[in-house]
Amino acid sequence: MDFTPAERDAVAAHASALGLSPDEYIRQTAAERALTWQREQEVFQAAAQRRGCAVEELVRRGSLMDADLW
């Protein structure tokens, strides 16, 4: 994976502040973002099923509200 020098410096600085190696920081950050995305998709899917439509249709319509998610 290639990072710009500024990105590399930022990752190294934040990793160091957290007491992690840059590789561990990148692994943890990527995994956290992927798992968050996966949970959001599951919530969207449940909301779409309750409305009887596909996730894409629910989001495209712009009719998604917080109440729909829970």
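Residues numbered from 1 in each chain as written. Predicted model: local features only at pLDDT ≥ 70, side-chain atom pairs only at ≥ 80, totals over all residues. Heavy atoms only, no water.

Engineer: Run through the overall build of the chain, naming residues and quoting values.
Structural biologist: When you go through the chain residue by residue, the secondary structure sums to four helices and zero strands. For the chain, the sequential pattern of α-helices and β-strands runs α-α-α-α. Split into buried and exposed, the 70 residues of the chain put 14% on the buried side. For the chain, the share of sequence-separated contacts (at least 6 apart) that also reach a separation of at least 24 residues comes to 9%. On the chain, roughly 5500 Å² of surface is accessible, and the fraction owed to carbon and sulfur atoms is 56%. (Helix = DSSP H or I, 4+ residues; strand = E, 2+ residues; numbered from the N terminus. Buried < 20%, exposed > 50% of the residue type's maximum accessible area, 1.4 Å probe, protein only. Contact = heavy atoms within 4.5 Å. Areas by Shrake-Rupley, 256 points an atom, 1.4 Å probe, with all protein chains shown as cover.)

Engineer: Help me get a handle on the packing of helix 1 (residues 5-17) against helix 2 (residues 22-51), residues and values and all.
Structural biologist: Orientation of helix 1 relative to helix 2, taken along the N-to-C sense of each, is 90°, at an axis distance of 9 Å. Taken together, the axes of helix 1 and helix 2 are roughly perpendicular relative to one another. Counting all contacts with helix 1, which are made through Val11, Ala12, His14 and Ala15, the residues of helix 2 involved are Pro22, Tyr25 and Ile26. Grouping the constituent residues of the contact of helix 1 with helix 2 by class yields six nonpolar, one polar and no charged. (Axes fitted to C-alpha atoms, helices over the stretch in contact; angles between N-to-C directions. Parallel < 35°, antiparallel > 145°, perpendicular 65-115°, else oblique. Nonpolar A, V, L, I, M, F, W, Y, C, P; charged D, E, K, R; others polar.)

Engineer: Can you explain helix 2? Please cite residues and give values.
Structural biologist: An ideal rise of 1.5 Å per residue puts 44 Å on 30 residues; helix 2 measures up with 43 Å between its terminal C-alpha atoms. Residues Tyr25, Ala47 and Ala48 constitute the buried set of helix 2. One or two positions beyond helix 2, positive phi appears at glycine 52, with a value near 75°. (Expected span 1.5 Å × (residues − 1).)

Engineer: A description of the confidence of the model for the chain should follow, citing residues and the corresponding values.
Structural biologist: Taken as a whole, the chain shows an average pLDDT of 87; of its residues, 86% reach a score of 70 or greater. For the chain, helix 4 (residues 66-69) is the element with the lowest average pLDDT, namely 53, and helix 1 is the one with the highest, namely 98. (pLDDT = per-residue confidence, 0-100.)

Engineer: Tell me about the nonpolar core, and please be specific about residues and values.
Structural biologist: One finds Ala47, Ala48, Cys53, Val55 and Leu58 forming the largest nonpolar core, which totals five residues. Those elements that place two or more of their residues in this core are helix 2 and helix 3 (55-61). (Core = buried A, V, L, I, M, F, W, Y, C linked by side-chain atoms within 4.5 Å.)

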